[in-house]
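Now for the letters of each chain:
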Amino acid sequence: MAEHTSSSIMIEAAPAEVMGVIADFDRYPEWTGEVKEAEVLAKDGRGRAEQVRLLLDAGAIKDDHTLAYTWTGENEVSWSLVKSQMLRALDGTYHLAARNGGASTEVTYQLTVDVKIPMLGMIKRKAEKVIIDRALAGLKQRVESPESPESPEGPGAAADEAEKH
């Protein structure tokens, strides 16, 4: 059975704003580091992504894969692997918890990666840790930055856009 890696970070924004950035897959290449391309293939009745194709380059793990997303309430999204060239499993969860009266959000990211090729467990866990740490740091920077060069309207636009759907 595959082991998972988990880490958390505190972001100075409300959970809805953080989830708005997480749900904006088209902009993942701007802030995740490992995701070079993202394409939403299917959406649910609320306009949230159900299947997303991602081109990933995380050093030891390079892949073009499709993930299925499950949205649980307003503060959790999980995903599992649908198809991949090199991965056997890529299962993860973002769980958001309001802190400081809703002014801050604790984001916990859990990830399990299993590759089709033989790889030492410690190398695989290091790759998981790198993916998680970069994603959390990128998410924090994306949400907390008042404006970014790629997004002149600022990070709140993603949350506003997500609320429209």
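Our subject is the structure listed above.
Here the structure is a predicted model, which is why all the values come from computation and not from measurement. The residue numbering used here restarts from 1 in each chain and proceeds along that chain's sequence as written. Two thresholds apply to this predicted model, a pLDDT of at least 70 for residue-level local features and 80 or more for giving and counting side-chain atom pairs, whereas whole-chain, interface and lining totals are computed over all residues. To obtain the side-chain values, all non-hydrogen atoms of the structure were included, while hydrogens and water were left out.

## Quick look at the pattern of salt bridges
A side chain with one charge can pair with a side chain of the opposite charge if their charged atoms come near. By definition here, a salt bridge exists when the distance from a side-chain nitrogen of Lys or Arg to a carboxyl oxygen of Asp or Glu is within 4 Å. All told, the structure shown has twelve salt bridges when counted by the stated rule. We note a salt bridge from Glu39 to Arg53, for which the minimum N-O separation is 3.2 Å. With Glu39 in strand β2 (residues 35-43) and Arg53 in strand β3 (residues 49-58), the pair connects residues that are 14 residues apart, well separated along the chain. Type-normalised accessible area, obtained with a 1.4 Å probe on protein chains alone, sets the label of each residue: buried when under 20%, exposed when over 50%, and partly exposed for intermediate values. What makes Glu39 partly exposed here is its relative accessible area of 37%. Since its relative accessible area comes to 19%, Arg53 is described here as buried. For Lys140, the salt bridge goes to Glu144, with nearest N and O atoms at 2.9 Å. In this pair, Lys140 and Glu144 are both assigned in helix α3 (residues 121-144), four residues apart and thus about one turn of the helix distant. Given a relative accessible area of 25%, Lys140 falls into the partly exposed group. Through salt bridges with shared partners, a single network forms among Glu37, Glu39, Arg53 and Asp64. Elements are defined by DSSP. Helices are runs of H or I of four residues or more, strands are runs of E of two residues or more, and each kind is numbered from the N terminus.

## Re the packing of aromatic side chains
Within a pair of aromatic rings, the relevant descriptors are the distance that separates the centres and the angle that separates the planes. Between 30 and 60 degrees the pair is tilted, below 30 it is stacked and above 60 it is edge-to-face, where a pair is any two Phe, Tyr or Trp rings, Trp via its six-membered ring, whose centres lie within 6.5 Å. In total, this model carries eight aromatic pairs according to the counting rule given. Ring centres of Tyr94 and Tyr109 lie 4.6 Å apart, and the angle between their planes is 40°; on these two criteria the pair is classed as tilted. Of the two residues, Tyr94 is situated in strand β6 (residues 87-99) and Tyr109 in strand β7 (residues 104-115); the sequence distance between them amounts to 15 residues. Tyr94 sits in the buried class, given a relative accessible area of 4%.

## Quick notes on the environment of Arg53
Along the backbone, Arg53 and Leu41 are twelve residues apart, and their C-alpha atoms lie at a distance of 6.8 Å. Contacts between residues were defined by any pair of non-hydrogen atoms, one from each residue, lying within 4.5 Å. Contacts of Arg53, omitting those with residues within four sequence positions, involve Glu37, Ala38, Glu39, Leu41, Asp64, His65 and Thr66. Within the structure, the side chain of Arg53 is placed 2.9 Å from the side chain of Glu37, a separation counted as a polar contact. A distance of 3.0 Å separates polar atoms of two side chains, one belonging to Arg53 and the other to Asp64. Side-chain atoms alone can form a polar contact between residues adjacent in sequence; in general such a contact is a pair of N or O atoms within 3.5 Å, and within protein one must be able to donate a hydrogen while the other accepts it.

## What to know about empty space enclosed by the protein
Grid spacing is 1 Å over the protein atoms alone, the probe is 1.4 Å, and a cavity is where that probe fits but cannot get out, while a pocket is an open set with protein on both sides within 12 Å along at least five of seven lines and lining residues have an atom within 4 Å of a point. Grid points are joined across faces, edges and corners, and a volume is the space filled by probe spheres set on the points. Scanning the model with the defined rule gives two cavities of 30 Å³ or more in all. Here the largest cavity defines a volume of roughly 260 Å³. Only α2 (28-31), β3, β4 (61-72), β6, β7 and α3 provide two or more residues apiece to the lining of the largest cavity. The leading source of residues in the lining of the largest cavity is β4, at four residues. Amino acids outside the nonpolar list (Ala, Val, Leu, Ile, Met, Phe, Trp, Tyr, Cys, Pro) and the charged list (Asp, Glu, Lys, Arg) are all regarded as polar, and Gly is one of them. Its residues assigned to classes, the lining of the largest cavity shows 16 nonpolar, two polar and one charged.

## Some remarks on the pairing of β3
Strand direction decides the pairing type here: β2 and β3, joined by seven bridges, are antiparallel. Among the inter-strand pairings, Glu37 is bridged to a residue of β3, identified as Leu55. When DSSP finds at least two bridges between two strands, those strands are taken to pair. Hairpin connection of β2 to β3: five residues between the antiparallel strands, including Gly47 at a positive phi of 85°.

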